[in-house]
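Descriptive analysis of the structure
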Amino acid sequence: MKELSLHILDIVQNSLSAKASEIEIRIIEKTRDNLMSIQIIDNGIGMDQETLLKVVDPFWTSRTTRKVGLGIPLFKAAAERCAGSFKMKSEIGKGTEVIIEFERDHIDRAPIGDMAETLSLLILTNENVDFIYTHIFNEEKYEFNTKEIKQIIGDVPINQLDVIEWIKNDIKQGTDEISGVTQ
């Protein structure tokens, strides 16, 4: 995939299929350590150890509509291609945690992509799921939590288009500010 945000979207779709009601996405960039870490944590149904070992096999999938599952194996390969690593932990009834690390300035590392667009799409189509997004760039931190937004807007649906547009703009502005991007 051309952008890491598309890999993240794919992993989050797995979390949604696992009936997660809360999904946390963390992106941590440390320029001094030349490290980028992406963590996706859910409270879904989890997996047993046998399934956990199988999910990195591109010729295994739990889906019945096709015979391959490329999302996790492609993300793992992307990390390893960039002197990084892929770890996955899961426990039945507790959820799953995916941790991907990259050499941040590796020539083959894909760009992060449009996380504001990715998150707003996820919120638009999954209004009953809580999303927590944290992006750390060196010492700067941006956090977004749909639970907080839902409290502020009260009875207004979080997937109402003007709310989604505000969310998208807030995420873009917040992540631009921490990374020093000027508009």
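See above for the structure.
What comes next concerns the included structure. Nothing here was measured: the structure is a model prediction, and the numbers come from that model. (Residues numbered from 1 in each chain as written. Predicted model: local features only at pLDDT ≥ 70, side-chain atom pairs only at ≥ 80, totals over all residues. Heavy atoms only, no water.)

1. Here we look at the pairing of strand β5 (residues 130-137)
Counting buried residues along β5, 7 of its 8 residues qualify, which places the element largely inside the surrounding structure. Bridge count for strand β1 (residues 22-30) against β5 is 8 bridges, and the pairing is parallel. Of the residues in β5, the one forming a bridge with I27 is H135. In this sheet, strand β6 (residues 140-145) lies alongside β5 in antiparallel orientation, the contact comprising 6 bridges. Each bridged residue has a counterpart across the sheet, and for F137 the counterpart in β6 is E140. (Buried < 20%, exposed > 50% of the residue type's maximum accessible area, 1.4 Å probe, protein only. Helix = DSSP H or I, 4+ residues; strand = E, 2+ residues; numbered from the N terminus. Pairing = 2+ DSSP bridges.)

2. What about the side chain of N126?
Mapped onto the elements of the fold, N126 is located in the loop between α4 (115-125) and β5. Setting aside chain neighbours within four positions, we find N126 in contact with L16 and F131. (Contact = heavy atoms within 4.5 Å.)

3. Details of the environment of T175
With respect to the helices and strands, T175 occurs in helix α6 (residues 161-179). By relative accessible area, which is 16% here, T175 ends up buried. Distance from T175 to L70, taken between C-alpha atoms, is 29 Å for residues 105 residues apart in sequence. Residues in contact with T175, not counting those within four places in the same chain, are Y133, H135 and Y142. Separated by 2.9 Å, the side chain of T175 and the backbone oxygen of I171 make a polar contact. (Polar contact = N/O pair within 3.5 Å; in protein donor to acceptor, adjacent residues only side chain to side chain.)

4. Brief notes about the layout of surface pockets
A volume near 280 Å³ is recorded for the second largest pocket. As for the second largest pocket, its lining consists of 17 residues, of which I112, G113, H135, T175 and D176 are closest to the centre. At the level of secondary structure, the elements contributing two or more residues to the lining of the second largest pocket comprise α4, β5 and α6. At 5 residues, α6 tops the list of elements feeding residues into the lining of the second largest pocket. (1 Å grid on protein atoms, 1.4 Å probe; cavity = no way out; pocket = protein on both sides within 12 Å on 5 of 7 lines; lining within 4 Å. Points joined across faces, edges and corners; volume = space filled by probe spheres on them.)

5. A closer look at the pairing of strand β3 (residues 85-91)
A regular strand carries its side chains on alternate faces of the sheet. Because side chains alternate across β3, one face comprises the buried residues F86, M88 and S90, and the other comprises S85, K87, K89 and E91, none of which is buried. Across 7 bridges, the pairing between β3 and strand β4 (residues 95-103) is antiparallel. By the bridge assignment for β4, S85 is matched with E101. What sits between the antiparallel neighbours β3 and β4 is a turn of 3 residues, in which G93 has the positive phi angle 80°.

6. Considerations on α6
For the α-helix, the turn length of 3.6 residues means that residues three or four positions removed from each other point alike. For α6, spanning 19 residues, the distance from its first C-alpha to its last is 27 Å, which sits close to the expected 27 Å at 1.5 Å a residue. Within α6, the full set of buried residues consists of V163, I164, I167, I171, G174, T175, D176 and I178. Residues of α6 that are buried make contact with α4, β5, β6 and α5 (146-153). (Expected span 1.5 Å × (residues − 1).)

7. Here we look at the packing of helix α1 (residues 4-17) against helix α3 (residues 71-81)
One way to put it is that α1 packs onto α3 with a least axis distance of 10 Å and a crossing angle of 140°. Crossing geometry of α1 relative to α3 is assigned as left-handed. Residues L4, H7, I8, D10, I11 and N14 of α1 form the contact with α3, whose own contacting residues are G71, I72, L74, F75 and A78. Of the residues belonging to the contact of α1 with α3, the class tally is 7 nonpolar, 3 polar and 1 charged. (Axes fitted to C-alpha atoms, helices over the stretch in contact; angles between N-to-C directions. Left-handed = near helix turned anticlockwise from the far one by under 90°. Nonpolar A, V, L, I, M, F, W, Y, C, P; charged D, E, K, R; others polar.)

8. Some details on the sheet that holds β4
Whether parallel or antiparallel, the strands of a sheet pair through hydrogen bonds between backbone atoms. Spatially, β3-β4-β2-β1-β5-β6 is the arrangement adopted by the 6 strands of the open sheet, whose pairing is mixed. Looking at which strands have only one partner, the edges of the open sheet turn out to be β3 and β6. Strand-to-strand, the axes of this sheet are offset by a mean angle of 10°, without reference to chain direction. Pairing analysis gives 8 bridges linking β1 to strand β2 (residues 35-42), with the strands arranged antiparallel. Bridge assignment links I25 to a residue of β2, and that residue is I40.

Note that all results are geometric; they support no functional claim without further evidence.
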